[in-house]
Amino acid sequence: MTCDEIKQLIEKNLVNTRAEVDGDGYHFEVNVYGNCFADKNAVQQQQLVYAALGDNIQNGNIHAVSIKTFVD
């Protein structure tokens, strides 16, 4: 997957978020900004982003991802 594809996937599945994605095609760094993270702990925030990515980690489309979330 490309950085743009991952960005679009996150922003489509997590309404009213903004994602910044950098990576080399296998390893990605993702920053996601949104109000959906308010009142959620760090694990819950990560789970939201993993859910937005769907099966792309399990099926190997995304090899490794580092996620940082921010309340916007």
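Scroll up for the structure.
Along each chain, residues carry numbers from 1 onward, in the same order as the chain's sequence is written. Per-residue local features are limited, in this predicted model, to residues with pLDDT of at least 70; the limit for side-chain atom pairs, both in listing and counting, is 80 or more; totals at the level of whole chains, interfaces and linings are taken over all residues. To get the side-chain values, take all heavy atoms of the structure and skip hydrogens and water.

### Overview of the environment of Asp72
Piece 1. Here a strand is any run of E in DSSP of at least two residues, a helix any run of H or I of at least four, and the numbering for each starts at the N terminus. Within the element layout of this structure, Asp72 appears in the segment after β3 (64–70).
Piece 2. The spacing of Asp72 and Ala38 is 34 residues in sequence and 8.6 Å in space, taken between C-alpha atoms.
Piece 3. Residue contacts are defined here by distance: any two heavy atoms, one from each residue, within 4.5 Å place the two residues in contact. Not counting residues within four places of it along the chain, the set of residues in contact with Asp72 comprises Tyr33, Gly34 and Asn35.

### Description of unusual backbone geometry
Piece 1. Unlike most non-glycine residues, Asn16 shows phi in positive territory, near 60 degrees.
Piece 2. Partly exposed describes any residue whose relative accessible area lies between the buried limit of under 20% and the exposed limit of over 50%, with all areas from a 1.4 Å probe on protein chains only and scaled to the type maximum. By relative accessible area, Asn16 is classed as exposed at 71%.
Piece 3. For Asp39, which is not glycine, the phi torsion reads 65 degrees and is therefore positive.
Piece 4. Within the secondary structure, Asp39 is located in the loop between β2 (27–34) and α2 (42–53).
Piece 5. Residue class for Asp39 comes out exposed when judged on its relative accessible area of 82%.

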